[in-house]
Amino acid sequence: MWPLTAISLDIYYNELGAEPVKKIMNHFGEWTLIFICLTLSMSPLKRFTKLSIWIKLRRMLGLFVFFYASIHLLAYIGLDYRFDWQPILNDVLKKKYIFIGFSAWLLLIPLSITSSQKMMKILKNKWKILHKLIYVIAVFGSLHYIWLSKTIFFKPLIYSIIIVVLLALRIKIKNKDINYG
Amino acid sequence: MKKIKYSEITPEKIYLKRREFVKKLGFSTGSLIIGQNMIGDAFAANDNLQEKITERRYVTTYNNYYEFGTRKSDPVEKSQNFKTSPWNIAINGEVEKNITLTVDEIKSSFPIEERIYRLRCVEGWSMVIPWMGFSLKKLLEKASPNGKAKFVEFTTVFDPEQMPGQRYPILKWPYKEGLRIDEAMHPLTTIVTGLYGKELPNQNGAPLRLIVPWKYGFKSSKAIVNIKLVEKMPTSSWMQASPKEYGFYSNVNPRVDHPRWSQASERVIGSGILSERIPTTMFNGYGDQVANLYSGMDLKKNF
Ligand code: HEM
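Everything in this summary refers to the structure shown in the same document. Note on numbering: residues in each chain are counted from 1, in written sequence order. Throughout, the order in which chains and ligands are written sets their labels, letters from A for the former and numbers from 1 for the latter. Since the coordinates come from a predicted model, pLDDT governs what is reported: local features require at least 70, and pairs of side-chain atoms require 80 or more to be given and counted, while whole-chain, interface and lining totals use all residues. No hydrogens and no water enter the side-chain calculation; it runs on all heavy atoms of the structure.

## Thoughts on the overall build of chain B
Phase 1 of the analysis: Within chain B, the secondary structure is distributed over 9 helices and 14 strands.
Phase 2 of the analysis: For chain B, contacts bridging at least 24 residues in sequence account for 70% of all contacts bridging at least 6.
Phase 3 of the analysis: Element-wise, carbon and sulfur atoms account for 53% of the exposed surface of chain B, whose accessible area totals about 12800 Å². Strands here are runs of E lasting at least two residues and helices are runs of H or I lasting at least four, both read from the DSSP assignment and numbered beginning at the N terminus. What makes two residues a contact is simply this: any of their non-hydrogen atoms within 4.5 Å. Accessible surface is estimated by sampling points in the Shrake-Rupley manner with a 1.4 Å probe; for residues, cover comes only from the protein chains shown.

What follows is the structure, encoded as structure tokens:
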């Protein structure tokens, strides 16, 4: 909830600077990406610490990804474009960074719907496969950030490196499983 | 393509044209230099909108100036110790005489006037800024461009010691920009030496920068050290970085989208969280004065 509190205080004290709408949008965009990274860290953490608490946290973190991504999207649609659908549609179809961001958000929907224990039990193995979509979402999210930057920027690169490392950890783990398996 | 040769524009015509736009700005000729305290109430007008001058705190803290870093706050934070004196500007290339002038010489050679222009950034935001300066044409004429001078290339200082952004390959340094000679000779094309009735702050391109109000902001080079008249179209740093996104002309044009951003509308800086985007106008509202430079040109192709 911290990100929400921080921005609310900024709005209240008029601390958002020259482009408040952009600032709000970017704030939630960045927190979406941070929560994606946190969500992806949970199963490696479980491996290294052998504690299962991480997996319990994972669901909540994942839902936060969807929560912040939705506010991010809403800020863009509502604050920036005032629900003026024509330019929004144009952006989604023609601007590749919006297209991929929007795709990431769409992919988050089935993950959120099936996040409960109950759905996990119903879907069984399929749940595992379905929730691998978070890897795709993570890659889309970092591409979104890279593509919206005008040239080589520091922050999108850092996030991309973190995401690549987190995904690479999984490949290694798998290989180990195969070796021992 | 119909071009007005700059030699055809007599000083008198320029004077009349300038009076015309001064009138548009809503000032009488007598009160061109206005104090900072008056500025809050001043308006800049263009064809279809009346807009408020952007607050100074935004003009001086929200800048794209990658020599100092890519964040909007980098220029103000990292440029305060930037040394702008002594500073020489060389005007050379296809000219009758190469000249090198100090900033002080330039400032004292021409009457400095207040010019309130809209600034439209390619990222989709805009400001209205009271610059202090004079037409670039006057400076170029000091060096007498020769018949081969078809384009003008502007080079920003290269000094990675003082400009942290230049230590990274964000763009090809030094920053280069260019104009066609008739664009450079247009009376709206301004050499800027001041802002808000005062010295030009470092983060806004001190000691001397360009302003081309009908083009996207990045065309207006900052901290210029060299103005070179050339025969061939120069390649700007942005064209080199991404030729599909940034063309040589880069005129403000709501009908030609940038691959990243729609250019149909813009956010007005300082207008607050609840205000809407406003539609972007052709040539940033200066069409009546500059459209003739491009008659017969396909502006979709020559973006
Ligand atoms: C998983 C989904 C998403 C993630 C992780 C994400 C992440 C980000 C990040 C990190 C930024 C930049 C923040 C900054 O510059 O400080 C950003 C900006 C932005 N995002 Fe997203 N985003 C997502 C979905 C979307 C969606 C669905 C849309 C709209 C359809 C969207 C539209 C934008 C826009 C318009 C910007 C501002 C671009 C600019 O600076 O001009 N994003 N996003």
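## Thoughts on the coordination of the iron atom of the ligand
Phase 1 of the analysis: The donor set covers N, O and S atoms within 2.8 Å of the metal, switching to 3.2 Å for Na, K and Ca, and it leaves out water, so a site may look short of donors. Ligation of the iron atom of the ligand by protein atoms is provided by H72 of chain A (NE2) and H144 of chain A (NE2), these donors lying 2.0 Å from the ion.
Phase 2 of the analysis: When a residue's accessible area, from a 1.4 Å probe over protein chains only, is under 20% of the maximum for its type it is buried; when over 50% it is exposed; and in between it is partly exposed. Owing to a relative accessible area of 17%, H144 of chain A belongs among the buried residues under this scheme.

## As for the pattern of salt bridges
Phase 1 of the analysis: When a carboxyl oxygen of Asp or Glu lies within 4 Å of a side-chain nitrogen of Lys or Arg, that pair is called a salt bridge. This structure, assessed with the given rule, holds 22 salt bridges over all chains.
Phase 2 of the analysis: Among the salt bridges present, the one from K22 of chain A reaches E19 of chain A, with a minimum N-O distance of 4.0 Å. Side by side, K22 of chain A and E19 of chain A carry an identical accessibility label, which is buried.
Phase 3 of the analysis: The closest approach of N and O atoms between D74 of chain B and R71 of chain B, which form a salt bridge, is 3.0 Å.

## Quick look at the packing of aromatic side chains
Phase 1 of the analysis: For this analysis, a ring pair means two rings from Phe, Tyr or Trp (six-membered ring only for Trp) whose centres lie within 6.5 Å, classed as stacked if their planes differ by under 30 degrees, edge-to-face if by over 60, and tilted for the remaining angles. Summed over the entire model, instances satisfying the criterion amount to 27 aromatic pairs over all chains.
Phase 2 of the analysis: Ring centres of F248 of chain B and Y249 of chain B lie 5.3 Å apart, and the angle between their planes is 90°; on these two criteria the pair is classed as edge-to-face. For the pair F248 of chain B and Y249 of chain B, one class covers both residues: buried.
Phase 3 of the analysis: A connected cluster of aromatic rings, assembled from ring pairs, spans F28, W31, F35, F64, F67 and Y68 of chain A.
Phase 4 of the analysis: Consider the ring centre and the ring normal. A charge sits over the ring if Lys NZ or Arg CZ is within 6 Å of that centre and within 35 degrees of that normal. The ring of W147 of chain A carries K96 of chain A above its face, with NZ or CZ at 4.4 Å from the centroid.

## Concerning the sheet that holds strand β3 (residues 88-93) of chain B
Residues and elements named next belong to chain B.
Phase 1 of the analysis: Two strands make a pair as long as DSSP finds a minimum of two bridges between them. Read from one edge to the other, the open sheet built from 5 strands follows the order β4-β3-β12-β7-β8, with strand pairing classed as mixed. Looking at which strands have only one partner, the edges of the open sheet turn out to be β4 (99-102) and β8 (176-180). The average undirected angle you get between the axes of adjacent strands in this sheet is 15°.
Phase 2 of the analysis: Of the pairings in the sheet, the one linking β3 to β4 comprises 4 bridges and is antiparallel in character. Within β4, the residue paired with I89 across the bridge is L101. Between the N-to-C directions of two axes lies an angle of 0 to 180 degrees, each axis being a line fitted to C-alpha atoms and, for a helix, fitted only over the stretch in contact.

## Quick word on the interface of chain B and chain A
Phase 1 of the analysis: Taken together, the 28 residues of chain B in the interface contact 24 residues of chain A.
Phase 2 of the analysis: Taken together, the two surfaces of chain B and chain A that pack against each other cover about 2200 Å², and 49% of this comes from carbon and sulfur.
Phase 3 of the analysis: Area buried by chain B at its contact with chain A is led by R260, R267 and I273 of chain B, which between them contribute 33% of it.
Phase 4 of the analysis: In this structure, the connection of chain B to chain A is made through 5 salt bridges.
Phase 5 of the analysis: Linking R267 of chain B and E19 of chain A is a salt bridge whose minimum nitrogen-to-oxygen distance equals 2.7 Å. Buried area adds together the accessible area that both of two parts lose upon being put together, with accessible area traced by a 1.4 Å probe.

## Some details on a nonpolar patch on the surface
Residue and element names in this part refer to chain A.
Phase 1 of the analysis: A patch consists of residues whose relative accessible area exceeds 30% and which take part in no salt bridge; residues with like charges are grouped when within 9 Å of each other, and nonpolar side chains (Val, Leu, Ile, Met, Phe, Trp, Tyr) when within 5 Å. Where nonpolar side chains cluster on the molecular surface, the patch consists of I152, L157, I161 and V165 and spans about 370 Å² of accessible area.
Phase 2 of the analysis: Relative to the elements of secondary structure, I161 occurs in helix α9 (residues 154-180).
Phase 3 of the analysis: Residue I161 is classed as exposed on the basis of its relative accessible area, which comes to 51%.

## Looking at the pairing of β8 of chain B
Residues and elements named next belong to chain B.
Phase 1 of the analysis: Summarising burial for β8: 4 of the 5 residues are buried, a large majority.
Phase 2 of the analysis: Pairing of strand β7 (residues 151-156) with β8, which is carried by 5 bridges, proceeds in the antiparallel orientation. Looking at β8, one finds that F151 is bridged to R180.

## Regarding the layout of surface pockets
Residue and element names in this part refer to chain A.
Phase 1 of the analysis: Residues are said to line a cavity or pocket when one of their atoms sits within 4 Å of a point; the points come from a 1 Å grid over protein atoms alone, cavities being sets where a 1.4 Å probe fits but cannot get out and pockets being open sets with protein on both sides within 12 Å along at least five of seven lines. Grid points are joined across faces, edges and corners, and a volume is the space filled by probe spheres set on the points. Volume-wise, the second largest pocket comes out at about 1100 Å³.
Phase 2 of the analysis: Lining the second largest pocket are 31 residues, with S43, R58, W127, Y135 and R170 sitting closest to its centre.
Phase 3 of the analysis: Of all the secondary structure elements, the ones that give two or more residues to the lining of the second largest pocket are α2 (20-49), α3 (53-80), α5 (96-113), α6 (117-123), α7 (125-130), α8 (133-148) and α9.
Phase 4 of the analysis: With 7 residues, the top contributor of residues to the lining of the second largest pocket is α3.

Everything listed here is a matter of geometry and, on its own, says nothing about what the molecule does.
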